[in-house]
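Summary of structural features
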Amino acid sequence: MLKPLGDRIVVKIEEKEQTVGGFVLAGTSQAATKEAQVLAVGQGIRTLNGELIAPSVAVGDKVLVEAHAGLEVKDGEEKVTIVREADIVAVVE
């Protein structure tokens, strides 16, 4: 398992290419965000004073990530994406 550093977060993007009505979306008309599952979280980021600010997401959270954010890598046989906390738009509850 990958262990992210700093404010980086490992997510698994949930590939959804159909709308609620079942229509397949063309590549250019897909949404600006993607839903993802948080797999691993870095320790956070340090302020200029050296204080550690913990990430606002936790392992297991469902989040919305900007569509073209992050770096896609392989962790064993699984494709995951490493994003910065700033690339996460919202937590899905």
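Preceding this section is the structure that the text describes.
Residues numbered from 1 in each chain as written. Predicted model: local features only at pLDDT ≥ 70, side-chain atom pairs only at ≥ 80, totals over all residues. Heavy atoms only, no water.

Side note on the overall build of the protein chain
A count of helical and extended segments in the protein chain gives zero helices and eight strands. Across the protein chain, helices and strands are ordered from the amino to the carboxyl terminus as β-β-β-β-β-β-β-β. A buried classification covers 24% of the 93 residues belonging to the protein chain. Taking the intrachain contacts of the protein chain between residues at least 6 apart in sequence as the baseline, contacts between residues at least 24 apart amount to 60%. In the form shown here, the protein chain has an accessible surface area of approximately 6400 Å², with 54% of it arising from carbon and sulfur atoms. (Helix = DSSP H or I, 4+ residues; strand = E, 2+ residues; numbered from the N terminus. Buried < 20%, exposed > 50% of the residue type's maximum accessible area, 1.4 Å probe, protein only. Contact = heavy atoms within 4.5 Å. Areas by Shrake-Rupley, 256 points an atom, 1.4 Å probe, with all protein chains shown as cover.)

Concerning the nonpolar core
Generally speaking, a soluble globular protein has its nonpolar side chains buried in company with each other. Residues Ile9, Val11, Ile13, Ala36, Val38, Val57, Val63, Val65, Ala69, Val83 and Ile88 constitute the largest nonpolar core, which totals 11 residues. If you list the elements that add at least two residues to this core, you get β1 (8-13), β2 (33-41) and β5 (62-66). In terms of residues, this core owes the most to one element, β1, which gives three residues. Look past the residues within four positions of Ala69 in its chain and what remains in contact with it is Thr81, Val83 and Asp87. (Core = buried A, V, L, I, M, F, W, Y, C linked by side-chain atoms within 4.5 Å.)

Things to note about the environment of Gln43
Checked against the element boundaries, Gln43 lands in the loop between β2 and β3 (45-46). Overall, Gln43 belongs to the exposed group, its relative accessible area being 52%. As a C-alpha pair, Gln43 and Ala54 span 11 residues in sequence and 6.2 Å in three-dimensional space.

Thoughts on the side chain of Asp7
The residue Asp7 is located in the segment before β1 in this model. In this structure, Asp7 is in contact with Gly44, Ile45, Val83, Arg84 and Glu85, ignoring residues within four places of it in sequence.

Considerations on the sheet that holds strand β6 (residues 71-75)
Ordered in space as β6-β7-β1-β2-β5-β8, the six strands form an open sheet in which the pairing is antiparallel. Either end of the sheet is taken by a strand with one partner, and the two such strands are β6 and β8 (88-92). The average angle at which neighbouring strand axes cross in this sheet is 45°, direction not considered. With four bridges connecting them, β5 and β8 associate as antiparallel partners. Each bridged residue has a counterpart across the sheet, and for Leu64 the counterpart in β8 is Ala90. (Pairing = 2+ DSSP bridges. Axes fitted to C-alpha atoms, helices over the stretch in contact; angles between N-to-C directions.)

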